[in-house]
Amino acid sequence: MYFTEPTVTLIARPQFVEPAHLPVAWKGESSDGERLAEFAGRLCYMSQHNPAGRTTAEYIENIKRQRHGSVLEHANYSLLLEGVSRSLTHELVRHRAGMAYSQLSQRYVDESQANFVVPPAIVGDAELEAAWRAQVEGAQQAYVALVEQLMERYKWVDDKVHRRKMAREAARGVLPNSTETKIVCTGNARAWRTLLELRSSEAAELEIRRLAVAVLRVLQAESPAFFGDVEIYVAADRREAARFVHSKV
């Protein structure tokens, strides 16, 4: 299978349990993650009675405007990312603060039927795609042959699971960066904002920029108060990018 778009699935969100002895005078509709951030912020000043009469969305907008983003760190969201390349995840995992990652292991998982991600720059160009496919398919064939040969070489290893691991960890070296992978990413709302601001910009590499825009759409639907100040637009290069109203919260 050849992927030309990532798949982003929200798999975990915050659950806020309001303490009975510190009730907040909530106004407006909001998600648990947004209420958690508001509760944490109001605790700092014991302003649970909501003297300004703000809705949760207005409260968080004010937080972003003042760049008091620490309260956003209480709300964590986990996403399953599929249809992305290992080239992309090498860049993605550079974002460490406030993020956690668990990625498919090529050492344990058989890649003889691996999928691949078509680089955005060549999508739609039949000649370039044909040349690229020939390369990745050749690499996959080399991987399959190497695994078979290495299994034979290590046949003296009695533990079959360990033998397969030894073969695959050596053979994976021939697989290209375009090999598709799956990864679970968990981050707090502030960390997601930082990551997405950098990776959805026009300067970002095309595949991770495409992913960042897709992630933004998922998180905007889940939490408009946290991510509603972000505008997705078509840039001069005819690809989608995003700009943040409140930068570096």
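Thresholds applied
- Residues numbered from 1 in each chain as written.
- Predicted model: local features only at pLDDT ≥ 70, side-chain atom pairs only at ≥ 80, totals over all residues.
- Heavy atoms only, no water.
- Core = buried A, V, L, I, M, F, W, Y, C linked by side-chain atoms within 4.5 Å.
- Buried < 20%, exposed > 50% of the residue type's maximum accessible area, 1.4 Å probe, protein only.
- Helix = DSSP H or I, 4+ residues; strand = E, 2+ residues; numbered from the N terminus.
- Contact = heavy atoms within 4.5 Å.
- Polar contact = N/O pair within 3.5 Å; in protein donor to acceptor, adjacent residues only side chain to side chain.
- Salt bridge = Lys/Arg side-chain N within 4 Å of Asp/Glu carboxyl O.
- UniProt positions renumbered as here; feature names shortened; annotations may be inferred.
- Phe/Tyr/Trp six-rings, centres within 6.5 Å; stacked < 30°, edge-to-face > 60°.
- Lys NZ or Arg CZ within 6 Å of the ring centre and 35° of its normal.
- Axes fitted to C-alpha atoms, helices over the stretch in contact; angles between N-to-C directions.
- Left-handed = near helix turned anticlockwise from the far one by under 90°.
- Nonpolar A, V, L, I, M, F, W, Y, C, P; charged D, E, K, R; others polar.

Undergrad: When you look at the nonpolar core in this model, what are you seeing that I'm missing?
TA: For soluble globular proteins, the rule of thumb is that nonpolar side chains tend to be buried together. Judged by nonpolar contacts, the single largest core of 36 residues is most densely connected at Leu-81, Leu-92, Trp-192, Leu-196, Val-215 and Phe-226. Looking at this core element by element, the count peaks at six residues for helix α7 (residues 206–222). Beyond its immediate chain neighbours, meaning those up to four positions away, Trp-192 contacts Tyr-77, Leu-79, Met-99, Cys-185, Thr-186, Gly-187, Val-215, Leu-219 and Phe-227.

Undergrad: Is there a simple way to think about helix α6 (residues 189–199) in this case?
TA: Think of an α-helix as 3.6 residues a turn; residues three or four steps apart then line up on the same face. Among the eleven residues of α6, eight are classified as buried, and the element is accordingly described as predominantly covered. Every buried residue of α6 is listed here: Ala-189, Ala-191, Trp-192, Arg-193, Leu-195, Leu-196, Glu-197 and Arg-199. Between the side-chain oxygen of the N-cap and the backbone nitrogen of Arg-190 there are 3.0 Å, and the N-cap of α6 in question is Asn-188.

Undergrad: Explanation requested: the pattern of salt bridges in the structure shown.
TA: Pairs may arise between side chains of opposite charge once their charged atoms sit close together. Going through the model one piece at a time under the given rule, you end up with 15 salt bridges. The residue Arg-42 makes a salt bridge to Glu-38 at a minimum N-O spacing of 2.8 Å. Within this pair, Arg-42 and its partner Glu-38 are both found in helix α1 (residues 32–45), separated by four residues, close to a single helical turn. Given a relative accessible area of 1%, Glu-38 falls into the buried group. Linked through salt bridges whose partners overlap, the residues forming this network are Glu-61, Lys-64, Arg-193 and Asp-229.

Undergrad: Looking at this structure, how should I read the UniProt feature "binding site: dUMP" (unreviewed entry) in the protein?
TA: Here, UniProt's "binding site: dUMP" (unreviewed entry) annotation points to Glu-91, Leu-92, Val-93, Arg-94, Gln-103, Leu-104, Ser-105, Gln-106, Arg-107, Arg-172 and Arg-199. These annotated residues cover 109 residues of sequence, and their C-alpha atoms sit far apart, with the largest distance between any two at 28.3 Å. Relative to the assigned elements, Val-93 resides in the loop between α3 (86–92) and β4 (99–103). Look at Val-93 and you get partly exposed, because its relative accessible area is 25%. For Ser-105, a relative accessible area of 26% translates into the label partly exposed.

Undergrad: Mind showing me how you'd approach the packing of aromatic side chains here?
TA: Two measures describe an aromatic ring pair: the distance that separates the ring centres and the angle between the ring planes. Taken as a whole and judged by the stated rule, the model has seven aromatic pairs. Residues Phe-16 and Trp-26 carry aromatic rings whose centres are separated by 5.9 Å and whose planes lie at 85° to one another, so their mutual orientation is edge-to-face. Linking Phe-16 in the loop between β2 (7–12) and α1 with Trp-26 in the loop between β2 and α1, this pair joins segments that are ten residues apart in sequence. In this pair, the class of Phe-16 matches that of Trp-26, namely buried. We note Arg-133 situated over the ring of Tyr-2; from NZ or CZ to the ring centre the distance is 4.0 Å.

Undergrad: Honestly, the packing of α1 against helix α2 (residues 56–66) in this entry has me stumped. Any pointers?
TA: In helix packing, the relevant descriptors are the interaxial angle and the interaxial distance, both defined with respect to the helix axes. It is at 10 Å that the axes of α1 and α2 come closest, and there the two elements cross at 65°. In terms of crossing hand, the pair formed by α1 and α2 is left-handed. Note on element contacts: α2 touches α1 through Thr-56, Tyr-59 and Ile-60, opposite Glu-34, Arg-35, Ala-37, Glu-38, Gly-41 and Arg-42. For the contact of α1 with α2, the class distribution of residues is three nonpolar, two polar and four charged.

Undergrad: What is the right way to read the environment of Thr-179 from this model?
TA: Looking at the element boundaries, Thr-179 is found in the loop between α5 (160–171) and β6 (180–188). Excluding residues within four positions of it along the chain, Thr-179 makes contact with Val-84, Ser-85, Arg-86, Gln-106, Glu-111, Ala-114, Asn-115 and Phe-116.

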